[in-house]
Amino acid sequence: MQYEYLFWSMAAVVAAALAGGALCGRLSSVKHVLAGVAALAAAVFAAVFVLSRRGGFSDLSVMLSIAAFMFSLVIGTAASLLTRRILRRR
């Protein structure tokens, strides 16, 4: 049952990164976009660290937090740059 929670939690991390990246893609400059995505990834890192300690994954909380940070950073950056490109073509 714990691994089902882990699966849905990582799906939520990916969804948050896509949504956050799309929102950050509307910012004025690439510098602001990347700063926004980095702030989102840091917030995801903290949330995953705290929630994994409570959810029975305390021995894996650091590894899960780092993985969630990296997923959020990569997926959020891709989503934000794609959003910027789509908005620029309109």
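Right above here is the structure, for reference.
The paragraphs below set out a description of the structure included in this document.

Rules used in this analysis
- Residues numbered from 1 in each chain as written.
- Predicted model: local features only at pLDDT ≥ 70, side-chain atom pairs only at ≥ 80, totals over all residues.
- Heavy atoms only, no water.
- Patch = residues over 30% accessible without salt bridge, like charges linked within 9 Å, V, L, I, M, F, W, Y side chains within 5 Å.
- Areas by Shrake-Rupley, 256 points an atom, 1.4 Å probe, with all protein chains shown as cover.
- Salt bridge = Lys/Arg side-chain N within 4 Å of Asp/Glu carboxyl O.
- Helix = DSSP H or I, 4+ residues; strand = E, 2+ residues; numbered from the N terminus.
- Buried < 20%, exposed > 50% of the residue type's maximum accessible area, 1.4 Å probe, protein only.
- Contact = heavy atoms within 4.5 Å.
- Phe/Tyr/Trp six-rings, centres within 6.5 Å; stacked < 30°, edge-to-face > 60°.
- Axes fitted to C-alpha atoms, helices over the stretch in contact; angles between N-to-C directions.
- Parallel < 35°, antiparallel > 145°, perpendicular 65-115°, else oblique.
- Left-handed = near helix turned anticlockwise from the far one by under 90°.
- Nonpolar A, V, L, I, M, F, W, Y, C, P; charged D, E, K, R; others polar.

A look at a nonpolar patch on the surface
- A cluster of nonpolar side chains, contributed by Phe45, Val62, Ile66 and Met70, occupies part of the molecular surface with about 350 Å² of accessible area.
- If you tally residues by element for the nonpolar patch, the top one is helix H3 (residues 61-89), at 3 residues.
- The residue Val62 is located in helix H3 in this model.

What to know about the environment of Phe45
- Position of Phe45 relative to the elements: it lies in helix H2 (residues 30-54).
- What makes Phe45 partly exposed here is its relative accessible area of 32%.
- Each C-alpha atom, one on Phe45 and one on Ala67, is 8.4 Å from the other, the two residues being 22 residues apart in sequence.
- Sequence-distant contacts of Phe45, that is, excluding residues within four places in its chain, are made with Ser65, Ile66 and Phe69.

Remarks on the packing of aromatic side chains
- Scanning the entire structure with this criterion turns up 2 aromatic pairs.
- Look at Phe7 and Trp8: their rings are 5.1 Å apart centre to centre, the planes differ by 75°, and that puts the pair in the edge-to-face class. Accessibility assignment for this pair places Phe7 and Trp8 in one class, exposed.

Examining the packing of helix H1 (residues 2-24) against H2
- Where H1 meets H2, the axes come as close as 9 Å, and the angle between the chain directions of the two elements is 155°. The angle between H1 and H2 falls in the class roughly antiparallel. In the packing of H1 onto H2, the handedness of the crossing is right-handed. Listed contacts from H2 to Val13, Ala16, Ala17, Gly20, Gly21 and Cys24 of H1 are Val33, Gly36, Val37, Leu40, Val44 and Val48.
- A class-by-class count of the residues in the contact of H1 with H2 yields 9 nonpolar, 3 polar and no charged.

Functional significance is not addressed by these values, which are geometric in nature.
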